[in-house]
Every structure is written in structure tokens, then in C-alpha cells.
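# Structural characterization, general
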Amino acid sequence: MQRKITVLTDAELITCIVQKGNADKIVKAAYKAGAQGSTIHYAQGSGVREKLGIFGVAVEAEKEVIQLIVSSDQVDRIFDTMYLVGELDTPGKGFMYVTKLEKAATYIPQEILKKFGLDS
Amino acid sequence: MDKNKLRYGEFVREIQADHVYISYSDITNSSEQKSSKIKLRIIDVYRLVTPYISVRLLEQIYSLMPLALYLVIFQIFILRQELSGASAISVGLLAVIMGLMFFMEGIKQGLMPFGELIGNTLPKKVHLNLVLLIAFILGIGVTFAEPAIGALKTAGALVDVKTAPYLYLLLNDYASTLVLLVGGGVGLAAVLGTLRFIYSWSLKPFIYMSIIPTLVLTAYLMTDENLSVILGLAYDSGAVTTGPVTVPLVLALGIGIASAAGKGNNSLSGFGIVTLASVFPIFAVMLLGLFLSFNYSPQDIIELSLIASDIQTIQIPWYDKSPFVEMLLGIRAILPLVLFLFFVLKVILKEKLANSGIIIYGIVLAIFGMMIFNVGLTYGLAALGEQSGSLVAVAFSDVVLSNGQELEALYPYFLGLFVAVAFAWILGFGATLAEPALNALGITVENLTQGTFKKRTLMVAVSLGVGTGIAVGVLKIIFNIPIAYLLIPFYIIALIFTYFSDEKFVNIAWDSAGVTTGPITVPLVLAMGLGFGNAMNVTDGFGILSMASIGPIIAVLVTGLYVKKSQEK
């Protein structure tokens, strides 16, 4: 029998770059708004520090990059929540963007597959 | 999609989001955005500055408060003594917290970029000999900038000239020479450590060659009654040097040089300098003591000090009065280092500093922080440490306090002795376990040994070592055991274990001693020992720190051997 992969469509990737130490509360808020999981990696950033003058010292050069994949129905809700919780309207607080994903795949519970008549 | 049907998700999207779209191209194309300064609203400043301050403030509070609370609670509940001068101590501790906060941030913003830039570019541009010379001078500079060095000078005020004349001379009239020599030791360590990186030499011969002469000199000084009291100071100063300024700056330079020589990939690169930087100063201080003993007799010193105190009672200039003297010390500590780094950068490297505004901010902050820290050191840490040190003695013996108050022993002798030693043990164990630098070392070690040496194992081993070391140090003061009787055997044991251990564990073990002695533990333990020593009428209360450095070395070496054994099975 041929092996089967269920591919998800309508998935979007939210990437949010914030100062080190801020990712935790943003991810928590995103979970509350419906996100299922997240990945955080560490990075070095530059740009806004130099433009802030003396306040630049308050901006960590070390960043946390949060990536989470959400369904396109949820994307705006989670995007807005993360923006507000992360206070991204303040300079130096971070940057975020959404990418449309062509396809995604992961574990999908059997009972959900059954609902769609896709169980093996 | 069917015309009459609307997906609920699409509907929610429409009613919820209030998004205004503009093109990023429009922003980047317009010319007015070229002026790169951003104007901040008040709320922006608030949002940026609050987390900036609170994170750094909490860091210092976490490292100081448990220790201070432990001392106070122990004093009130176990020793049943009130805290005298509580308000002055509280203000002092607050000053320590604020001072360290400013200082550490200042170092991070102001000095570290210097260090990294020099470390990365210097070895590529000039000859190795000049690089090593700069590393040497830098070693001296960072020693002056080390916050805990001030504690040695503060401790000098507590020494009685009649019972320990050479110790008094070293800590008062020759205090600057002492720091200079200690710095020279650190500088030499920086040079040899760097050479070790480049040629990948084993650390073991360095340990043998530095420890054995040190022990021989110790044994020689031990025979002279007047000189033996400086041994405690000598070994303690080794522990003082390896603090939050020296370690990162010297390491940055060393690793930079090694990687420029193409030898920076060794996983053990970072190790070894700390070890040597804590051994060479011991030797240097002993030499200075020996030198003084040739030039001064104990009587000379006592007379000198009497003359000096006569002059002082007549008139003390304003800059010699507390708190101004602490503030001046702060400036004197940082400025030479900054000027030297600046000189290297401008004259030798002809490099320009990016972000000079932020660097100036960092330097100003570091000096300011050092000034506050020094004031706090005198009124907070040293006062609290001395007080609890002198009161611990009450647990098992009758004590006459410095203000003439007589106190009777609280507990029966052996129980009291147990209380005092347990107090010291818990203090050392707890303070070490909470040290953030140890946590960082633990992670490095776990990675280095592919998980065979667990972070937890290392932290517990080091803490056990420090706790036991401090407890032994307290016993030393109680029974007035000459410090050499303890140090020589312990170091010989450490040498024997070193011989049988792997290179990896040798590096870790000898470095772990330096990690544990931060800017809070050092002044507190020093002052405690001196207060305790005075209460017990012992000539010198130094030596507790040195026991706290040798303790973890042995503990980690033993653990390393155990780990190796259990792997072979």
C-alpha cells in the first residue's frame, strides 16, 4: 500500500523578532489567542539601536525570533494580539510579519482525520 | 467559493481587524526618513526604560538579598542579638545593589566593546610580543577596576598594627603597591594563559610550576612569626582578583589572540587564565611581604603608624573623609583602565570607535556605579559582615564587643561550636549555589564533557567545596591554627589529584575556584572573617576566602575522578 501524507493548506507563518527575554509573554498570549505551538530561536540584530541615540542602550542586541504556524482564519487575531502584547508600536521593541505557506504537514489526530473521511 | 456562502473565518477577519495598509516602498523612498534619529513619545521611553532597569536591578537584588537576609535572620533568631545600625546597613546594602547595577551595565556598554575590538584586531595588526605586553598591562588595569579589590583596603582598617605589623603595613601604607603587584600577577597570568592557548600547552605543568614555588615560599614565611600573618592575606588576594571585570576582559583578549593565531577552536580555550590569575598574585603578595621584612622591623611600623595616626587626628582633608574617599577610589579604579584601552585603540591600532556616545555613557555609568558601590561596601557589606562575624563567636564563648559590651556564651560549648560552623557552611554553600557565574560555568562544562559531567553535579561539588572550605576557615580562626598548616596539605592533595586527573577536569576544577568569588561574597566573607577574628582575639581573620578557593578545586577533582571511574565500569 502506498503511504499517505495529509497536507494542510491555509496555513500561515507568523515571525516575530523581539528583544531577548520578551518572547515568553508574547508566546503565552499567542497561545491564548489560539496558536497551537511555537518555535523560538536566538539571533543578533542591529539597526534601531543606532537610531535611538542614548536610549539605544535599553535595547538588547540579542533577539528572540518567535515563529508560529497558524491557520489563516486565526492569523489576524493572533497577529494583533502579539503586536499589542509585545508593544511593537514602540521603537526598538521588535518587528513581525506574516508569510503565506503553500503547504504544511504534521501529526493530525485520527479522530479529526475521520471527520474528513481521510482515515486509513 | 459559492456566491451565497461566506466562511465564518472570513467574516471574523473582516469585522475584527482594523488594519491600515501602507507600502513599505513608500516609506523607504521618501527622503525625510533619511534623518536617522527616531523621536520617542513619553510612553515609548517608559516602555523601553522600565524593563531595562528592572531586569538589571532584580539581578543584583537576587544575588544580594538571600545572603543579607540569611545573616540578619541568623543573628536575630539563633544568636538573639539585635542588628545594630540597621538603617545604615540597609542604606549601604541598597547602595551596593544600585552601585553594582550601574557598574555592571557600564562595564557591559563601555568596556566590553573596547575589549572585544582590541582582542579581535590587535593580534592581526601588531607583533605578538607587543600584544603580550598589552595583555600584561591590561591585567594590571583590570585588577584596579575590580570592585572587590576595594574590600581589601576596607579590611585594612580593621587590622591591629601591634599584633600584625606587616599585615598592617601591606594594607595601609603599601596598599597601592599591593594592588599593583596583584595586578602584575594577573597580567603575567594573562600573558602565559594566552601563550598556552596559542601553543595548546597542557595546564598541568603550569599548575605544578606555580603551586610548588608558592608552597615553598609559604613554608618559609611560616617560620617567621611576624610574616606568617600575611599568608592569609596573600592567599585571599588570589581569590579577590578573579571577578566580573577581570575574567571577561582578559578572556576576550586571550581568545582573540588565540583565534588570530588560528588556534582558537580548542574547546578548552577559555580555561586556565583564571587559574593562573588566582595563583600568581599569591606569590606576588608573599614576595612583597618578604621585601618589606627586609626594610622594616615591626617596631618601625608601629612607630610609623602612631605618627600617621597623630597627623590624622589633627586634620583630615575633605578628600580623605568617607564618603569622598570612596568616591575618589571609584574614579581612580576605572579611569586608568579606560585611558589605557583608549590609548591602545587610538595610537597603536588607529581604529575609530563606533557608537562613542554609548561607550561614554557606559564609562560614566561604570565610574558612577563604582563610587556608589564603594560607599555601600563600607557601610553595608563590610559593616554587616563584621557584625555577624563578631557575633557568631557569641554562640560558644564569652565575647567583649568593640563597643565594650560584654556578652555571655549563648549555648554550651560544643553545641555553640556546631552552630558557628554550620552557619559558615550554609553561608558558603548557599551563596555559591546562587552564583550566576557558576551556573554559566556548569552549562559550559556539561557541553564540554558531552553530558558526563552534569551541570547539577558541578554546581553541587563546587558549593560543597566552598561551604566546607569556609567552615574549615572558621575552625581555623577558632582554634587559631596557622593557615599554612591547612593550606600546604590541601594544596598538596590538590596537586596529587591533578596528577591523576584528565586535562579536561584539571582545567575545570582549577577554574571553578575563581568563579565562586564575586563582588558580593568577597567583601562579606572577608569582613566576616575579620570581625570573627577580632572577637576571638586572633591576629588575623584572613584565610577564609583562600579555604573557599581550595575547597572547590579538590571537590571538583574528586568528582571528576569519580565520574571517570564510573564511566570505565
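Basis of the calculations
Residues numbered from 1 in each chain as written. Chains lettered and ligands numbered in written order. Predicted model: local features only at pLDDT ≥ 70, side-chain atom pairs only at ≥ 80, totals over all residues. Heavy atoms only, no water. Helix = DSSP H or I, 4+ residues; strand = E, 2+ residues; numbered from the N terminus. Contact = heavy atoms within 4.5 Å. Pairing = 2+ DSSP bridges. Axes fitted to C-alpha atoms, helices over the stretch in contact; angles between N-to-C directions. Expected span 1.5 Å × (residues − 1). Buried < 20%, exposed > 50% of the residue type's maximum accessible area, 1.4 Å probe, protein only. Buried area = accessible area lost by both parts, 1.4 Å probe. Salt bridge = Lys/Arg side-chain N within 4 Å of Asp/Glu carboxyl O. Polar contact = N/O pair within 3.5 Å; in protein donor to acceptor, adjacent residues only side chain to side chain. Nonpolar A, V, L, I, M, F, W, Y, C, P; charged D, E, K, R; others polar. Phe/Tyr/Trp six-rings, centres within 6.5 Å; stacked < 30°, edge-to-face > 60°. pLDDT = per-residue confidence, 0-100. Parallel < 35°, antiparallel > 145°, perpendicular 65-115°, else oblique. Left-handed = near helix turned anticlockwise from the far one by under 90°.

## Re the overall build of chain B
Broken down by element type, chain B carries 22 helices and two strands. Counting contacts in chain B only where the partners sit at least 6 residues apart, residues at least 24 apart contribute 85% of the total.

## Focus on the sheet that holds strand E1 (residues 11-19) of chain A
Residue and element names in this part refer to chain A. The four strands lie next to each other as E2-E3-E1-E4, forming an open sheet whose pairing is antiparallel. Each end of this open sheet is capped by a strand with a single partner; those strands are strand E2 (39-44) and strand E4 (94-101). Put simply, the sheet's adjacent strands are angled 20 degrees from each other on average, direction ignored. Where E2 lies against strand E3 (residues 62-71), six bridges are found, and the strand directions are antiparallel. The residue bridging Ala43 from the neighbouring strand is Lys63, located in E3.

## Structural notes on helix H14 (residues 324-348) of chain B
Residue and element names in this part refer to chain B. The terminal C-alpha atoms of H14 lie 36 Å apart, and with 25 residues this matches the ideal 36 Å at 1.5 Å per residue to within 8%. Those residues of H14 lying buried are Glu326, Gly330, Ala333, Ile334, Leu337, Val338, Phe340, Leu341, Val344 and Leu345. Following H14 by one or two positions, Lys350 has its phi on the positive side, about 50 degrees.

## Some points on the side chain of Ser512(B)
Residue and element names in this part refer to chain B. Residue placement: Ser512 occurs in helix H20 (residues 503-515). Of the residues examined, Ser512 reaches a relative accessible area of 0% and is grouped as buried. Residues within four places of Ser512 in sequence aside, it is in contact with Leu441, Val462, Pro552 and Val556.

## Quick look at helix H10 (residues 230-241) of chain B
Because an α-helix packs 3.6 residues into every turn, residues spaced three or four apart end up facing the same way. The terminal C-alpha atoms of H10(B), which comprises 12 residues, lie 17 Å apart, in line with the 16 Å expected from a rise of 1.5 Å per residue. By the criterion of burial, H10(B) is predominantly enclosed, with 12 of the 12 residues buried.

## Some remarks on the interface of chain A and chain B
Facing the 27 residues of chain A at the interface are 25 residues of chain B. Of the roughly 2,300 Å² buried between chain A and chain B, counting both surfaces, carbon and sulfur atoms make up 55%. The shortest N-O distance in the salt bridge between Asp89(A) and Arg47(B) comes to 2.9 Å. The tally of links between chain A and chain B comes to six residue pairs in polar contact (both at pLDDT 80 or more). Secondary structure elements with two or more residues in the side of chain A that touches chain B: E1, helix H2 (48-51) and helix H3 (75-85) of chain A. Here the element with the most residues in the side of chain A that touches chain B is H3(A); it accounts for five residues. Its residues placed into classes, the side of chain A that touches chain B shows 10 nonpolar, four polar and 13 charged.

## Examining the packing of aromatic side chains
Residues and elements named next belong to chain B. Following the criterion strictly, the structure yields 11 aromatic pairs over all chains and no others. Measuring from centroid to centroid gives 5.4 Å for Phe453 and Phe505, while their planes differ by 55 degrees, and the two rings are tilted. Residue Phe453 is located in the loop between helix H17 (436-448) and helix H18 (455-478), and its partner Phe505 is located in helix H20; the two are separated by 52 residues in the primary sequence. The class of Phe505 is buried, set by a relative accessible area of 6%. Summarising the aromatic geometry, the rings of Tyr491 and Trp510 are spaced 6.4 Å apart at their centres and angled 40 degrees between planes, so their arrangement reads as tilted. In this pair, Tyr491 is assigned in helix H19 (residues 483-500) and Trp510 in helix H20, connecting sequence segments 19 residues apart. Note on accessibility: Tyr491 and Trp510 belong to one class, buried. Among the aromatic residues, ring-to-ring pairing joins Tyr70, Phe74 and Phe423 into one connected group.

## Side note on the confidence of the model for chain B
When pLDDT is averaged along chain B, the result is 79; 87% of the residues meet or exceed 70. Here helix H13 (residues 298-314) of chain B stands out as the least confident element of chain B, with mean pLDDT 64; H19(B) is the most confident, with 89.

## Here's the deal with the packing of helix H1 (residues 23-32) of chain A against H3(A)
Two quantities define a packed helix pair, namely the angle between the axes and the distance from one axis to the other. Residue and element names in this part refer to chain A. One way to put it is that H1 packs onto H3 with a least axis distance of 9 Å and a crossing angle of 150 degrees. One way to sum up the angle between H1 and H3 is to call them roughly antiparallel. Handedness of the crossing formed by H1 with H3: right-handed. Of the residues in H3, those in contact with Lys25, Ile26, Ala29 and Ala30 of H1 are Ile78, Thr81, Met82 and Val85. Grouping the amino acids of the contact of H1 with H3 by side-chain chemistry returns six nonpolar, one polar and one charged.

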